[in-house]
Amino acid sequence: MSKNLRTANKKTGNYNKMPLLSIVCALCSVLCVLFSSPSVSNARVYLDITSPAQRKIPISINHKGTGDAATIEEIVKNDLYFTGIFSDVSPNIPGAEIRIDIGTEASEGLEASVTVTDMVEGGNILQKNYAASGKIVRALSHNIANDIFKIVTGRDGIFRTQIAYIADSAGKKELYMMDWDGYGSRRIVSSRLATSHNWSYDGKYIVYSSEGNKKWTIYLIDLMGAGKETLFQSEGLNLAGNISSGNRLTFSSSKDGSPEIYVMDIKKKNPEKITRSYGIDVSPVFSPDASKIAFVSDRSGAPQIYIMNSDGGGVRRVTFEGNYNTSPAWSPDGSRLAYAGRINGKNQIFVIKSDGTDMRQLTDTGSNEEPAFSPDGLLIAFDSDRDGRRGIYIMRANGEGQLRITPRELTARAPRWSPYKK
Amino acid sequence: MKTSLGLGHEPSLQRLIIASVLLHFILMAFLFIPFKTGEREFKNYYVTLVEPAKMSGGGGAAARKAEEKPAVKKEASANKKIAEDKAIAETKELMALKAEKSQKAAEAVAKEIERLKALKALSKGKEKKRDIEDVRKGIEASAKGVGGASGKGGHKASDSDCPYCTLITDKIWSGWVYPDFNSAGLEVEISIKIDSKGKVVSQKKEKSSGNDLFDQSALKAISKASPLPPPPPSLEMDDIVVRFHL
Amino acid sequence: MKKVFIILLVVIAFGCAKKQIKTTGEAPAVKEQKSAEEMASKKKEMVDDKLYTTKKEGDIATETERAAAEQAISRDVLFDYDQYDIRSDARPILDSVAAWMNSHRGMSITIEGHCDERGTNEYNLALGEKRAKAAREYLSLLGVSSGRLHIMTYGEEKPVCTQSNEECWQKNRRAHFVLVK
C-alpha cells in the first residue's frame with residue numbers, strides 16, 4: 001500500500017516539481033548575482049579632510065560713486081576685517097569668494113546701494129539700498145557691515161554695538177559711551193566719582209555706583225532719558241555687578257561689615273545676601289543664562305575668581321594659578337570667563353573655561369584690566385596703560401589685533417560692551 | 001494537495017538532495033550580503049596616471065622632475081609587489097566562491113581576471129611606478145602650495161596606496177575656507193560623482209553637520225576644486241564621499 | 001575767654017619788650033633765654049588751655065583752631081602692598097590722633113582708605129575700606145568711640161601722586177583723616 005502511494009506521489013511530484021524548481025533556481029541565481037559580484041556594485045571611496053586650509057574668507061570690497069562711497073567702504077572694511085574672519089583681496093586679483101560693491105548717489109541725505117556676490121557659486125546673495133536723511137555715514141556703514149556679515153556667516157554683526165566706560169576728566173570720573181570702534185563718545189551722566197557700571201540685559205539701562213557725600217550709592221539710569229533711579233544705598237561700600245535676563249541685580253555691599261554679594265529684583269528692591277565669608281567678596285556678575293554668578297573673593301587669603309549658583313549655593317573656585325585674579329567677565333555663551341590676573345607685578349588679561357581648565361594669557365604688554373566680551377564672543381575690550389595714559393583697547397578673543405580705540409590724551413578705563421543693538 | 005516539493009509524508013532521497021542544493025544556494029547568497037552593506041575597503045588599486053602633463057598645472061613640472069630622477073624607489077615597489085600578490089590571492093578566493101554561481105557571476109569573474117592582468121602588466125613596468133610616485137608627489141606639493149595657510153593640513157585619503165585619492169583630497173582641501181568660530185566637532189559628508197574628465201557632475205549632502213555655514217563651506221570647497229584630475233580608467237568607483245570635519 | 005587771650009598777648013608783648021631792654025652782658029642773655037623759654041612753655045600751656053576750653057564748647061570756631069585741628073590729624077597712616085594691618089611706624093600717628101580725639105570729644109572724623117594703582121579698581125575699593133577700618137579699630141582701642149569715626153574708601157581713585165614708582169605708591173597706600181564739619 002505504502003509503496004503504491006510512494007510511486008504515485010513520485011509521479012505527481014515529478015510533474016509538479018519542475019516548474020517550481022526552475023523558479024527557485026532562477027531566484028537563487030539572481031540573488032547570487034546581486035550579492036556576489038564586486039566590480040559591478042557600488043564601490044565607494046572615502047576621503048577625510050580634518051581642518052580648513054584657510055581660516056579667513058577672502059573677500060573684495062569695491063566702491064563707486066560720490067566721496068561717501070569711499071568712506072562707507074573704509075568703515076565697512078575696518079568693521080569686517082577686525083573680526084579676523086575675512087581677508088582682503090584686491091579687486092583685480094582673483095581668489096575672492098565674496099565680492100562686495102558699494103555705490104552711492106548724490107542726494108540730500110545719504111543713499112547707498114550694496115551688492116554682495118558669491119564668486120564661487122555665482123549670483124548675488126544680497127542686493128540692498130540704504131537711505132538716511134542726514135549725513136550719518138558711520139551708522140549707515142555699520143548697518144551695511146552688519147548685513148554683509150549676516151548674509152555671509154549667518155551670524156549677527158556687532159558693528160552697531162556700544163561700549164560704556166569711565167572717563168577721567170579734570171579729576172572727575174564720569175560714565176561715557178562710544179561706538180565699538182571708538183567713535184562718537186558722549187557722556188551718559190555727570191558725577192564726581194562713578195564706577196562699577198554695566199548694561200542691563202536689554203541694553204536700555206545702565207546700572208552704576210557713585211560716591212557722593214561720603215556715601216556709595218547704586219543707581220539705574222534710563223538711556224531713553226527718563227532719568228536716574230536709586231537702587232540701593234547704605235553705609236559702607238556698594239558696588240553694582242550686573243543685571244540678569246530675569247531683571248535681577250547682583251551687587252556687593254559692606255553694610256554688614258566686610259563686602260558680601262547680594263541679589264535683588266530691581267523693581268521689588270528686596271536685597272538678599274548670598275555670601276557669608278570673613279574676607280572681601282566683590283565684583284559679582286550673572287552668567288548669560290542667569291543661573292550662576294562669578295565673583296572675586298579673598299577667602300583663600302588672596303583674591304581669586306569663584307563661581308556659585310545664583311542663590312549662593314555650590315561655591316567653587318575657578319582660578320588656581322597666580323595670587324591675584326580679579327575682574328571676571330562671562331563670554332556670551334557662558335562657556336568661558338575673561339579676567340585680569342597679576343603676573344610679574346602687572347595685570348594681564350586671561351580667559352579660562354568656566355570649569356577652570358584651558359587657561360590662556362592674551363596680553364603681555366603694560367598693565368591690562370577689566371575685560372569685556374562683545375555680544376558675539378569674537379572680541380574682547382579691556383583697558384591698558386601700555387601707551388602711557390590708561391585707555392580702552394579691543395582685540396579678538398584669541399588675543400590678536402590689540403588696538404587702542406580711545407584718544408591718547410584721554411584717561412579712560414573699564415569698558416563694558418552693550419548687547420546687540422535692536 | 002501533494003504538489004509540494006516533496007516535503008510531504010515521506011520525502012524521497014531525490015527530493016532531499018534538491019532541497020539541500022537549493023538551501024545551499026540561498027545560504028551562499030546570504031553569505032555575500034555583508035560585503036554589500038558595509039564600507040568596502042578600497043585598497044591596492046594601482047592608479048595609471050595617463051599623461052601626467054594633463055593634470056592640474058604642476059603635472060608638467062613634476063613629470064620633468066621624474067625624468068631627472070632615475071632613482072628607483074625599491075621599497076615602494078617591494079611593498080606594491082606584496083600588496084599586489086595579496087590582491088591576487090584574495091581575488092582567487094573570491095573566484096573560488098564564485099565558481100558555484102550562475103553565468104553572470106562567471107562574467108564578473110572574467111572581468112576580474114582581466115583587471116588583474118592589467119595590474120600585472122603595470123607591475124612589470126618599474127619606470128612607470130617611479131613616474132607615478134614622482135608625479136603624485138609633485139602634484140601634492142603644488143596643491144599644498146596653492147592652499148597656503150596652515151601647512152598642517154589634516155587630510156588623508158582612505159589609505160596611501162591610492163595616490164589618486166590623495167591627489168583629489170589635497171585639491172579639495174586647498175580650497176576649503178572656514179573661519180575659526182570656536183566650533184569643534186562639526187562634521188559633514190558630501191558624496192560626489194566625477195566624470196571621466198574629472199569634472200564634478202553631482203554633489204550631494206549625505207550627512208549634515210547641523211551648521212549651515214559649515215556645510216556650505218564644504219560644498220564650496222568641492223565646487224572650487226572642480227574639475228578634479230581625471231580618474232584613471234582602471235579605477236572602478238561609483239562615487240566618492242568626502243568627509244569634512246573640524 | 002577773650003579777656004584771657006588779651007592778657008596773654010599783653011604779657012607776651014611785655015616779655016618781648018623786656019628782652020629788648022636788656023641787651024648787654026652774658027648773665028642777662030642767659031636770663032633772657034630762660035625767660036624766653038619760660039614764655040614759650042607758658043604760651044604752650046595757654047594754647048593747650050585754650051583748646052581745652054574750646055573742647056568744652058564742642059566746636060572749633062576760628063580758622064586758627066581749625067588749622068590746628070587739621071594739623072593734629074594731618075599725617076597719613078601708611079600700609080604695605082596688598083596689606084591692611086597697622087605697621088609699627090603707624091602707631092605714633094594713630095596715638096596722637098587718638099590723643100587729640102580724646103581731648104576734643106565733640107569732634108568726629110572720617111577715615112579714608114586709599115590704595116596704589118597696581119591692583120584692580122573694585123578690589124582696591126574694598127581694600128581701601130579695610131585699611132580705614134583697621135585704623136578705626138586701633139583708635140577705638142585707645143578709647144575713641146567708633147560713632148565719631150566714619151569710614152570712607154576711595155580705592156585707587158584719589159591718588160596724591162601719579163608716578164609709577166615705589167615712593168609714590170607708598171604715599172598712596174594710606175588711611176587719611178578728615179574733619180567732619
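Here's a quick rundown of the structure. Computed from a predicted structure; not experimentally measured.

1. Re the overall build of chain B
Across its full length, chain B carries 8 helices and 4 strands. The secondary structure elements of chain B, listed N-terminal to C-terminal, are α-α-α-α-α-α-β-α-β-β-α-β. Taken over 246 residues, chain B has a buried fraction of 41%. Within chain B, contacts between residues separated by at least 24 positions form 72% of all contacts whose residues are at least 6 apart in sequence. Here chain B displays about 13800 Å² of accessible surface, and carbon together with sulfur accounts for 58% of that area.

2. Here we look at the state of the cysteines
All names here are of chain C. Applying the stated criterion across every chain yields a total of 2 disulfides over all chains. Between the sulfur atoms of Cys 161 and its disulfide partner Cys 168 the distance amounts to 2.1 Å. Given an S-S torsion of about 115 degrees, the disulfide between Cys 161 and Cys 168 has right-handed geometry. An identical accessibility class is assigned to Cys 161 and Cys 168; each is buried. Cysteine Cys 115 is unpaired, with the sulfur of Cys 168 as its nearest cysteine sulfur at 13 Å. You can call Cys 115 buried: its relative accessible area is 3%.

3. So, the pattern of salt bridges
Within this structure, the stated rule accounts for 46 salt bridges over all chains. Between Asp385(A) and Arg390(A) there is a salt bridge; the shortest N-O distance is 3.7 Å. With its nearest N and O atoms 2.9 Å apart, the salt bridge here joins Arg173(C) to Glu166(C). Residue classification places Arg173(C) among the buried residues on the basis of a relative accessible area of 3%. A relative accessible area of 40% means that Glu166(C) is categorised as partly exposed. Look at the salt bridges and you will find they share partners, linking Arg44(A), Lys193(B), Lys204(B), Glu206(B) and Asp239(B) into a network.

4. Describing helix 7 (residues 163-174) of chain B
A rise of 1.5 Å per residue sets the reference length of helix 7 of chain B, with its 12 residues, at 16 Å; its end C-alpha atoms lie 17 Å apart and thus fit the reference within 8%. Counted residue by residue, helix 7 of chain B has 11 buried out of 12 residues, so it is predominantly covered.

5. Re the sheet that holds strand 6 (residues 124-132) of chain A
Residue and element names in this part refer to chain A. Taken together, the 5 strands give an open sheet; going across it, the order is 3-2-4-5-6, and neighbouring strands pair in mixed fashion. Edge positions in the sheet fall to strand 3 (86-88) and strand 6, since each of these pairs with one other strand and no more. Shown here is a sheet whose adjacent strand axes are inclined to one another by a mean of 25 degrees, direction ignored. Pairing between strand 2 (residues 57-64) and strand 3: 3 bridges, direction parallel.

6. Section: the packing of aromatic side chains
Residues and elements named next belong to chain A. If you walk through the whole model with that rule in mind, you get 15 aromatic pairs over all chains. Consider the rings of Phe 149 and Phe 159, whose centres lie 5.8 Å apart with planes at 85 degrees: the pair is edge-to-face. Taken together, the positions of Phe 149 in helix 3 (residues 137-153) and Phe 159 in the loop between helix 3 and strand 7 (162-169) put the pair 10 residues apart, joining distant regions of the chain. Among the residues examined, Phe 149 registers a relative accessible area of 1% and is labelled buried. The buried category is assigned to Phe 159, whose relative accessible area is 1%. Seen in terms of ring centroids, Phe 251 and Tyr 262 are 5.3 Å apart; in terms of plane orientation they differ by 10 degrees. Their pairing is stacked.

7. So, the interface of chain A and chain C
Facing 31 residues of chain A, the contacting portion of chain C comprises 22 residues. Of all residues in chain A, the largest losses of buried area upon contact with chain C belong to Lys214(A), Ile280(A) and Tyr324(A), amounting jointly to 24% of the total for that side. In this structure, Arg342(A) and Asp82(C) form a salt bridge, with 2.9 Å as the shortest nitrogen-oxygen distance. Here chain A and chain C share 16 residue pairs in polar contact (both at pLDDT 80 or more) between them. Tallied by class, the residues present in the side of chain A that touches chain C amount to 13 nonpolar, 9 polar and 9 charged.

8. Here we look at the pairing of strand 2 (residues 109-114) of chain C
Residues and elements named next belong to chain C. Buried residues dominate strand 2, accounting for 6 of its 6 residues. Neither face of strand 2 is open: one carries Ile 109, Ile 111 and Gly 113, the other Thr 110, Glu 112 and His 114, and all of them are buried. Inspection of the sheet shows strand 2 paired to strand 3 (residues 149-155) by 6 bridges, in the parallel sense. Directly across from Gly 113, in strand 3, lies its bridge partner Thr 153. Of the crossover connections in this fold, the one passing from strand 2 over helix 5 (residues 121-141) to the parallel strand 3 is right-handed. Examined bridge by bridge, strand 2 and strand 4 (residues 174-179) share 5 bridges and lie antiparallel to one another. Of the residues in strand 4, the one forming a bridge with Ile 111 is Phe 177.

9. Topic: a nonpolar patch on the surface
Residue and element names in this part refer to chain B. A cluster of nonpolar side chains, contributed by Leu 13, Leu 16, Ile 17 and Val 21, occupies part of the molecular surface with about 390 Å² of accessible area. Among the secondary structure elements, Ile 17 is positioned in helix 1 (residues 13-31). Ile 17 sits in the partly exposed class, given a relative accessible area of 47%.

10. Description of unusual backbone geometry
Both trends apply: most residues other than glycine have a negative phi, and most peptide bonds are in trans. With an omega of 5 degrees, the peptide bond between Ser226(B) and Pro227(B) qualifies as cis. Structurally, Pro227(B) can be placed in the loop between helix 8 (212-225) and strand 4 (239-245). For Ala414(A), which is not glycine, the phi torsion reads 55 degrees and is therefore positive. Relative to the assigned elements, Ala414(A) resides in strand 30 (residues 411-417).

Analysis parameters
Residues numbered from 1 in each chain as written. Chains lettered and ligands numbered in written order. Predicted model: local features only at pLDDT ≥ 70, side-chain atom pairs only at ≥ 80, totals over all residues. Heavy atoms only, no water. Helix = DSSP H or I, 4+ residues; strand = E, 2+ residues; numbered from the N terminus. Buried < 20%, exposed > 50% of the residue type's maximum accessible area, 1.4 Å probe, protein only. Contact = heavy atoms within 4.5 Å. Areas by Shrake-Rupley, 256 points an atom, 1.4 Å probe, with all protein chains shown as cover. Disulfide = S-S within 2.5 Å. Salt bridge = Lys/Arg side-chain N within 4 Å of Asp/Glu carboxyl O. Expected span 1.5 Å × (residues − 1). Pairing = 2+ DSSP bridges. Axes fitted to C-alpha atoms, helices over the stretch in contact; angles between N-to-C directions. Phe/Tyr/Trp six-rings, centres within 6.5 Å; stacked < 30°, edge-to-face > 60°. Buried area = accessible area lost by both parts, 1.4 Å probe. Polar contact = N/O pair within 3.5 Å; in protein donor to acceptor, adjacent residues only side chain to side chain. Nonpolar A, V, L, I, M, F, W, Y, C, P; charged D, E, K, R; others polar. Right-handed = clockwise from strand over helix to strand, strands pointing away. Patch = residues over 30% accessible without salt bridge, like charges linked within 9 Å, V, L, I, M, F, W, Y side chains within 5 Å.

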